[in-house]
Amino acid sequence: MKSLLLILTIIPLFTLISQPKHKNLPPEIIQVRYQPDPRPDRILLTVTSDPVTSFTVTWRTDTTVTNALAEIAVSDPSPDFDEQKTRHKAISSSLNNEFASALYHRVDFRDLKPATHYVYRVGDGTYWSEWLQHRTPDAISRKLTFVYLGDAQNNLHSLWSRSIREAYRTAPNAAFFLHAGDLINHSQNDYEWSEWFNAASFIFRSVPQLAAIGNHEYIKNLEGTKTGISPFWDVQFNFPQNGPTGLSDQSYYVDYPTLRLIVLNSNEKYEEQAHWLDQTLHNNDKKWVVVSFHHPVVSAARGRLNESVLSNWKPLLDKYKVDLVLQGHDHTYARGQNIVTGAGEYEKESGTVYVVSVCGAKMYELTPQEWMDRKAENTQLFQVVTLDQDQLEYKSYTADGNIYDAFRLVKTVEGQPNKLTELPVEVQQELRFETTKPNSNQLPDKN
Ligand SMILES: [Fe+2]
């Protein structure tokens, strides 16, 4: 009886002592391991401004790792490929928060051969990642495929995972995945970033990821005012450093043989970015131009007008006849041309196609508008875009893999709008809210 009493006393005491730091969080959101240890995790590829001959890898460990390294070799079907490997020392920086203290490491692999399969791994000489494969793009190929994803943001473990995996299954040879902002919901929550990385697993280790910064990547004070960008953004991502001054890793462009992809930060500094966008579009010699940012030129949901984006950037998108504008933020789907401007006149000549999409689980009510040629509510989607010489083919897939929207753009005479042709889809009906189940995520944020 005495020993039973002792056990009954010790068990609650032990439980109290061993409670992890996340004890104040609701148990349903702690789904993955997020504490770092000496083994590399959160491994992610991205590109420099010249993706044909270089790529960048970042990863995380705990603070005991003092000699972070990456190794790379040209791939070979024999397991002896590592005899030709080269070793590169990482640049490391620390990030401490209430959940964990960690080191984030980065290596830029440069002077690579185009169209070549490489194997690489990261570690510290004791603990290594698996050997991972990445193929550099062809320097002259006229064909390029990429994936575009709207907001992931919520339920990353339980519901966004199927979107990112189905996207990879649909386009395994994509040159990159583009995230149009709001990758997570709370910019400083380590467990949300863990869910984001875990859901994608080896995809982020094999295919370069590019991202626009959303409002949810900002830190906010108690009044809801943005006070700065999440420290996770800087250490996890290393995007090309070719944007306007002071917007490193937030505004940049990447050149592929047939594409200039321009990414902007739609949260602030609109005029500075407009000046840079004007120059970057003016100096472009690529056949196709895609621009991506988080806040849409015209909102797909009620009461969410982004006037600074509309007034500062849309005139330039029109002037240079940008082919495709890929956006997020409104947690619905809308695709169309002829965006209304100013006093209500419709642009008939620009030909720019605008898209708002969502791939996560948070859903808002759509506000149908005249410019929308295809729209959806309450539907998780991902998009695959393929450029081939004078043609651009766009397909939007539901998270369970059916084509919901599709069109082709064809280049015509220089200076004239593209010719748009609708393509067949597998889901004919327009998907709207039909569920009686309340969506707990459905209350829109303001900015
Ligand atoms: Fe969002």
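Note that the structure is a prediction, hence the values are computed from the model and not measured.

Student: Help me out: how do you make sense of unusual backbone geometry in this one?
Tutor: Leaving glycine aside, a negative phi is the common case for residues, and trans is the common case for peptide bonds. Backbone geometry at Ser 201 places phi at a positive 50 degrees, although glycine is not the residue there. Of note, Ser 201 is situated in the loop between helix H3 (190-200) and helix H4 (203-206). Taking the C-beta count within 10 Å as the criterion, Ser 201 has 14 such neighbours and is therefore assigned partly exposed. Even without being a glycine, Lys 269 presents a positive backbone phi close to 50 degrees.

Student: For this particular structure, what's the right way to read the confidence of the model for the protein?
Tutor: Close inspection of predicted coordinates is inappropriate for parts of the model with low pLDDT. Across the protein, pLDDT averages 89, with 87% of residues at or above 70. Ignoring residues within four places in sequence, the model shows residues 342-346, a span with pLDDT below 50, making two contacts including any to other chains.

Student: Which parts of the structure should I look at to understand the sheet that holds strand S7 (residues 117-123)?
Tutor: The sheet built from four strands is open, its strands ordered S4-S3-S7-S8 with antiparallel pairing. At either end of the open sheet lies a strand with only one pairing partner, and these are strand S4 (86-89) and strand S8 (132-135). When the angles between neighbouring strand axes are averaged without regard to direction, this sheet yields 30 degrees. Note that S7 and S8 share four bridges and pair antiparallel. Residue pairing across strands places Tyr 118 opposite His 134, the latter belonging to S8.

Student: Honestly, the packing of helix H2 (residues 156-170) against H3 in this entry has me stumped. Any pointers?
Tutor: If you want to describe how two helices pack, look at the angle between their axes and the distance between the axes. For the pair H2 and H3, interaxial distance at closest approach is 9 Å and the crossing angle is 35 degrees. Relative to H3, the crossing made by H2 is right-handed. Where H2 approaches H3, its residues Leu 156, His 157, Trp 160, Ser 161 and Ile 164 are matched on the opposing element by Glu 192, Glu 195, Trp 196, Asn 198, Ala 199 and Ala 200. The residue inventory of the contact of H2 with H3, partitioned by class, reads six nonpolar, three polar and two charged.

Student: How do you make sense of the nonpolar core when you look at a structure like this?
Tutor: The tendency in soluble globular proteins is for nonpolar side chains to be buried as a group. Ranked by internal contacts, the top residues of the largest apolar core, which has 107 residues, are Phe 146, Val 147, Leu 149, Phe 176, Leu 178, Val 291 and Leu 381. Residue-level mapping places this core at the junction of two domains, with at least three residues from each of domain 1 (41-135) and domain 2 (143-422).

The rules behind the values
The residue numbering used here restarts from 1 in each chain and proceeds along that chain's sequence as written. Whole-chain, interface and lining totals are the exception, using all residues; otherwise, since this is a predicted model, local features are given only for residues with pLDDT of at least 70 and side-chain atom pairs are given and counted only at 80 or more. Runs of H or I in DSSP of at least four residues are treated as helices and runs of E of at least two as strands, each being numbered from the N terminus. Buried, partly exposed and exposed are defined by the number of other C-beta atoms within 10 Å of a residue's own C-beta, namely 20 or more, between the two limits, and 12 or fewer respectively, with C-beta atoms placed from the backbone. As a per-residue measure, pLDDT tells how confident the predictor is, with possible values from 0 to 100. For the purpose of contact definition, each residue receives a C-beta atom placed from its backbone, and two residues are in contact when these atoms lie within 7 Å. Note on pairing: DSSP must find at least two bridges between two strands before they are called paired. A fitted line through C-alpha atoms represents every axis, and for helices the fit uses only the stretch in contact; the resulting angles, taken between N-to-C directions, go from 0 to 180 degrees. We call a crossing left-handed when the near helix sits turned anticlockwise from the far one by less than a right angle, and right-handed when that turn is clockwise. Gly counts as polar in this scheme, as do all residues outside two lists: the nonpolar Ala, Val, Leu, Ile, Met, Phe, Trp, Tyr, Cys and Pro, and the charged Asp, Glu, Lys and Arg. Joining buried Ala, Val, Leu, Ile, Met, Phe, Trp, Tyr and Cys residues through C-beta atoms within 7 Å gives a set, and that set is a nonpolar core. Where each domain starts and ends follows an automatic or database-derived domain assignment.

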